[in-house]
Amino acid sequence: MAWLSPGYPVGAYAYSHGLEWAVEAGDIRDEAGLTLWLEDVCTRGALRNDLILAAEAHRAAGASDGVGLIAVNDLALALAPSRELHLETSQQGRSFLDATRGAWPCPALAALSEELPGPVAYPVAVGLAAGAHRMALAPVLAAYGLAFLQNLVSAALRAAPVGQAAGTRVIAALAPRLVPLAAAAAAVGLDALGTATFRLDLGSFRHETQYSRIFRS
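For clarity, every value in this text was computed on a predicted model and none was experimentally measured.

Cut-offs applied
Residues numbered from 1 in each chain as written. Predicted model: local features only at pLDDT ≥ 70, side-chain atom pairs only at ≥ 80, totals over all residues. Heavy atoms only, no water. Helix = DSSP H or I, 4+ residues; strand = E, 2+ residues; numbered from the N terminus. Contact = heavy atoms within 4.5 Å. 1 Å grid on protein atoms, 1.4 Å probe; cavity = no way out; pocket = protein on both sides within 12 Å on 5 of 7 lines; lining within 4 Å. Points joined across faces, edges and corners; volume = space filled by probe spheres on them. Nonpolar A, V, L, I, M, F, W, Y, C, P; charged D, E, K, R; others polar. Buried < 20%, exposed > 50% of the residue type's maximum accessible area, 1.4 Å probe, protein only.

Visitor: In this structure, what is going on with the environment of Ala 159? I would like to understand it.
Guide: Here Ala 159 is to be found in helix H8 (residues 137–159). In this structure the C-alpha to C-alpha distance between Ala 159 and Ile 214, which are 55 residues apart in sequence, comes to 8.2 Å. With near-sequence residues (within four places) excluded, Ala 159 lies in contact with Leu 19, Val 23 and Phe 215.

As structure tokens, then:
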């Protein structure tokens, strides 16, 4: 939970995962719109893929499989549909890995981290660290899912006409979906990867030239 808290130095506060453009385009105008948008991102978008990738990285780390870890990371980075979303996952992943190696060192994490000297996708970094430390997979994935949701709700509070009470209700409505989503992601392999959030993906391209913005994605 400490690794996935808002205070962990990964810079998550700087990214909205396309939410800022969704607000600009009018896709998110109120609590109901935010709930529907986030539900799709979680169940049909990046979060589901992230959980699958984190699980694969966790298994590779547990088996000390450096080659498998490299392959999962390469795939995770290739799946980013835009420059900004690639930056979002790679910057957070590198920051997470560096911070965790410094504060929670262990020989397995040190050795496996050397296999990934360049950009690291965020879910791969989390899965690698958790697997190297022999953490149980299920709670790691559930915590990742909750942190993902909370960060986007935090972004919505800054970018959308949604207040704190409404944001809390959104989290309460969607949080129960995260544990079964994490359990399902842990039980499948890389062949199950895929998203259906095309408007978000296209919006992330448009966000690159959005006139007024406060987020990096």
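Visitor: Mind showing me how you'd approach empty space enclosed by the protein here?
Guide: The gaps left among the atoms become clear once a water-sized probe is rolled over them. Tallied over the entire structure, the rule returns 1 cavity of 30 Å³ or more. Gly 18, Trp 21, Ala 22, Asp 27, Trp 37, Arg 199, Leu 200, Gly 203 and Ser 204 together form the lining of the largest cavity. Breaking the lining of the largest cavity down by element, the ones donating at least two residues are helix H1 (19–25) and helix H11 (198–207). The element that contributes the greatest number of residues to the lining of the largest cavity is H11, accounting for 4 residues. When grouped by side-chain class, the residues that make up the lining of the largest cavity number 4 nonpolar, 3 polar and 2 charged.

Visitor: It is not clear to me how the side chain of Thr 197 should be interpreted in this structure. Could you clarify?
Guide: With respect to the helices, strands and loops of the structure, Thr 197 is situated in the loop between helix H10 (178–187) and H11. On the basis of relative accessibility, which here comes to 10%, the residue Thr 197 falls in the buried class. Thr 197 has contacts with Asp 40, Arg 44 and Gly 45, leaving out every residue within four places of it along the chain.

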